[in-house]
Amino acid sequence: MHVRTLTGGLTAACLMSLALTGGHASAAPHVTSAPAAARVLTYDAGGSAEFRSAVDRGAAVWNESVDAVELRPAAAGQRANIRVLADNGWPRALPTTLGSGTVYIGRQAVDQGYDTVRISAHELGHILGLPDRKPGPCSSLMSGSSAGTSCTNRYPNSAEKAEVEGNFGGAPAGRAPAARGEVIVD
């Protein structure tokens, strides 16, 4: 998982504190702040057929990109938050609540030349609460098919990352979770 660290802030605060006390050290309460634990979401790609590795890579893209949520394959016998299936239609996501639902990796888009990992990461983005952003540039993962078949960008941009962090980390987010049963067709 992607982990962000802050450096220099503590050192600057200590130096400022030392300067304000005339160079004399003073005791302050010891405060530690551990980063909030990521919310773990499990996915079952057992029905994703030939797209299994693309689904795993799409989940890894999100794990590399955000801290507030982590996507993991479901253990045998475990009920998954996200079910991923392959079919002959167009890719789509059916979120039920934020962090759960069904993703379809449609062969129609793959047959037209769209990148399978981009499709997977994009559809998982819907489950993480992101809407389509069409038309959009290739630099936006959520621009989906509007970026064209030559677009192979598999990573969310900074705004998309921030929105997912907000959705799962408690910071303000730009969109409420998808309504139960909402179908997002790309």
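Residues numbered from 1 in each chain as written. Predicted model: local features only at pLDDT ≥ 70, side-chain atom pairs only at ≥ 80, totals over all residues. Heavy atoms only, no water.

> Explain the state of the cysteines residue by residue, including any values.
Per the counting criterion, the structure on display carries 1 disulfide. The side chain of Cys138 participates in a disulfide bridge whose partner is Cys151; the two sulfur atoms lie 2.0 Å from each other. Looking along the S-S bond of the Cys138-Cys151 disulfide, the torsion reads about 85°, which is the right-handed sense. Of this pair, Cys138 sits in the loop between helix H4 (116-127) and helix H5 (158-169) while Cys151 sits in the loop between H4 and H5, placing them 13 residues apart in sequence. By relative accessible area, which is 4% here, Cys151 ends up buried. (Disulfide = S-S within 2.5 Å. Helix = DSSP H or I, 4+ residues; strand = E, 2+ residues; numbered from the N terminus. Buried < 20%, exposed > 50% of the residue type's maximum accessible area, 1.4 Å probe, protein only.)

> Account for the environment of Gly125, naming residues and giving values.
With respect to the helices, strands and loops of the structure, Gly125 is situated in helix H4. For Gly125, a relative accessible area of 0% gives the class buried. For the pair formed by Gly125 and Ala59, sequence separation is 66 residues and the distance between their alpha carbons is 9.5 Å. Setting aside chain neighbours within four positions, we find Gly125 in contact with Trp62, Leu130 and Met142. (Contact = heavy atoms within 4.5 Å.)

> Let's hear about the packing of aromatic side chains: which residues, and what values?
Each aromatic ring pair is described using two quantities: the centre-to-centre distance and the angle formed by the ring planes. This model, assessed by the stated rule, comprises 1 aromatic pair. Ring geometry for Trp90 against Tyr114: centres 5.7 Å apart, planes inclined by 80°, an arrangement best described as edge-to-face. Here Trp90, found in the loop between strand S3 (82-87) and strand S4 (92-97), pairs with Tyr114, found in the loop between helix H3 (107-111) and H4; they are 24 residues apart in sequence, far enough to count as distant. Given the relative accessible area of 18%, Trp90 is considered buried. Using a relative accessible area of 18% as the deciding quantity, one classes Tyr114 as buried. (Phe/Tyr/Trp six-rings, centres within 6.5 Å; stacked < 30°, edge-to-face > 60°.)

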